[in-house]
Amino acid sequence: MYLLIPAAGMGRRMGSQRNKLLLTLLGKSLLSWTLEAAFKSHYINWIGIIGQPVDFPDFQKMISGLSTNKSIELIEGGSTRQESVYKGLQALPPEAEQVLIHDGARCLATPELLDRCAEEVVKCPGLIAAVPVKDTIKVVDSSGLIQDTPDRRNLWAAQTPQGFEVKLLKECHEKGRQLGWEVTDDAALFEKCGLPVKVVAGEETNLKVTTPVDLRVAEFILTEALKKEEGRSKKEEGV
Ligand SMILES: Nc1ccn([C@@H]2O[C@H](COP(=O)(O)OP(=O)(O)OP(=O)(O)O)[C@@H](O)[C@H]2O)c(=O)n1
Ligand SMILES: C[C@](O)(CO)[C@H](O)COP(=O)(O)O
């Protein structure tokens, strides 16, 4: 399975001076955690990291410090996530039939989630990981007045991985560029083209590290996950 990792953002909402994916979370960069999950996946064997050239030396250093037998390519990104993914799609090997796209900033996604999406994407044209929304969501107009309260049972929070047939996704991106569509995820392009997108169970802990508070929450989630993993391996060893 082919995996594209958009990692070419600026991290404006993090208020960081550099790409937030180079910030440290429990001793490793955010991007290292994302890559480690991809390395543990049973299906992913090709990884394209989409980044800004200024970050490539840091990315190279990071990759050389991690052990993997998977193919890794660095791909130059664009000025928006949409453009970065477009460029990533152009850089896929010609034999790639399906692709998973997973934000570098969703550094807590588990290898199991990546594998679940990899297993499903060969059975449908498009999918996304998502979780049911827990809050009551309001539609608010420009004067600050509530216009609607959509039925929560129909609302899901979109995550990545998102997975697609490469040929179809390339066509959707081309159409989006021609018609000037601006979207925040790839599923939206599929939807606008009238193509079906399936929802696969995401993970509540698969947050996108966007603000400084997210970083602290991620630290807590990761600490708990590592404790659990340690407990499991001790049990297996009979300690
Ligand atoms: N031009 C861009 C913008 C974003 N991304 C990637 O898309 C993912 C989701 O974007 P977001 O969390 O918004 O990251 P940033 O764009 O870095 O953050 P901000 O919007 O706060 O600047 C991230 O992994 C980010 O690196 C990208 O590849 N290319
Ligand atoms: C793709 C995504 O992570 C799904 O939740 C999200 O849409 C990225 O959007 P952002 O505007 O770049 O944060």
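Residues numbered from 1 in each chain as written. Chains lettered and ligands numbered in written order. Predicted model: local features only at pLDDT ≥ 70, side-chain atom pairs only at ≥ 80, totals over all residues. Heavy atoms only, no water.

In the nomenclature of an unreviewed UniProt entry, the chain corresponds to 2-C-methyl-D-erythritol 4-phosphate cytidylyltransferase from the organism Okeania hirsuta. For the record of the chain, the UniProt heading Function (unreviewed entry) holds the text "Catalyzes the formation of 4-diphosphocytidyl-2-C-methyl-D-erythritol from CTP and 2-C-methyl-D-erythritol 4-phosphate (MEP)." (UniProt positions renumbered as here; feature names shortened; annotations may be inferred.)

## What to know about the site of ligand 2
Arg13, Arg81, Asp103, Arg106, Ala158, Thr160, Thr184, Asp185 and Lys208 make up every residue found near ligand 2. One of the side-chain nitrogen or oxygen atoms of Arg106 is found 2.7 Å away from an oxygen atom of ligand 2. Residue composition of the shell around ligand 2, grouped by class: one nonpolar, two polar and six charged. (Near = heavy atom within 4 Å. Polar contact = N/O pair within 3.5 Å; in protein donor to acceptor, adjacent residues only side chain to side chain. Nonpolar A, V, L, I, M, F, W, Y, C, P; charged D, E, K, R; others polar.)

## A closer look at helix 1 (residues 30–40)
Helix 1 sits mainly inside the fold: ten of its eleven residues count as buried. Those residues of helix 1 lying buried are Leu30, Leu31, Ser32, Trp33, Thr34, Leu35, Glu36, Ala37, Ala38 and Phe39. (Buried < 20%, exposed > 50% of the residue type's maximum accessible area, 1.4 Å probe, protein only. Helix = DSSP H or I, 4+ residues; strand = E, 2+ residues; numbered from the N terminus.)

## Regarding helix 3 (residues 81–90)
Residues of helix 3 that are buried: Gln82, Ser84, Val85, Tyr86, Gly88 and Leu89. Where helix 3 is buried, its residues touch strand 1 (2–6), strand 4 (46–51), strand 5 (71–76), strand 6 (98–101), helix 5 (166–179) and helix 6 (186–192). (Contact = heavy atoms within 4.5 Å.)

## What about the site of ligand 1?
Close contacts around ligand 1 come from 19 residues, with Gly11, Arg12, Arg13, Lys20 and Ser84 the closest. At a separation of 2.7 Å, an oxygen atom of ligand 1 approaches a polar side-chain atom of Arg13. In the environment of ligand 1, a nitrogen atom lies 2.7 Å from a nitrogen or oxygen atom belonging to the side chain of Ser84. Protein contacts shield 90% of the accessible area of ligand 1, which totals 560 Å² for the unbound molecule. Judged by the proximity of its atoms to the pocket grid, ligand 1 belongs to the largest pocket. Partitioning the shell around ligand 1 into residue classes produces six nonpolar, seven polar and six charged. (Areas by Shrake-Rupley, 256 points an atom, 1.4 Å probe, with all protein chains shown as cover. 1 Å grid on protein atoms, 1.4 Å probe; cavity = no way out; pocket = protein on both sides within 12 Å on 5 of 7 lines; lining within 4 Å. Sits in = over half its atoms within 2 Å of the grid points.)

## Comments concerning the layout of surface pockets
Taken as a whole, the largest pocket holds about 970 Å³ of empty space. Surrounding the largest pocket, 37 residues form its lining, Gly9, Arg13, Thr80, Arg81 and Gln82 being those nearest its centre. Put simply, the parts of the chain that give the lining of the largest pocket at least two residues each are helix 3, strand 10 (156–165) and helix 5. Of the residues forming the lining of the largest pocket, the biggest block, five residues, is contributed by helix 3. Of the residues assigned to the lining of the largest pocket, the class counts are ten nonpolar, 16 polar and eleven charged. Considering only enclosed or pocket space, the second largest pocket measures out at about 560 Å³ in volume. Lining the second largest pocket are 21 residues, and of these Thr110, Pro111, Leu222, Ala225 and Glu229 lie nearest its centre. Listing elements by their share of the lining of the second largest pocket, those giving two or more residues are helix 1, helix 4 (111–121) and helix 7 (212–237). In terms of residue count, helix 7 provides more of the lining of the second largest pocket than any other element does, nine residues in total. (Points joined across faces, edges and corners; volume = space filled by probe spheres on them.)

## Side note on the sheet that holds strand 7 (residues 126–132)
The sheet built from seven strands is open, its strands ordered 5-4-1-6-10-7-11 with mixed pairing. The open sheet has two edge strands with one neighbour each: strand 5 and strand 11 (198–201). Averaged over all adjacent pairs, the angle separating strand axes in this sheet is 30°, with direction ignored. Across four bridges, the pairing between strand 6 and strand 10 is antiparallel. Bridged to Val99 within strand 10 is Phe164. Where helix 1 meets the sheet, it contacts strand 1, strand 4 and strand 5, and its direction lies at approximately 160° from that of strand 4. (Pairing = 2+ DSSP bridges. Axes fitted to C-alpha atoms, helices over the stretch in contact; angles between N-to-C directions.)

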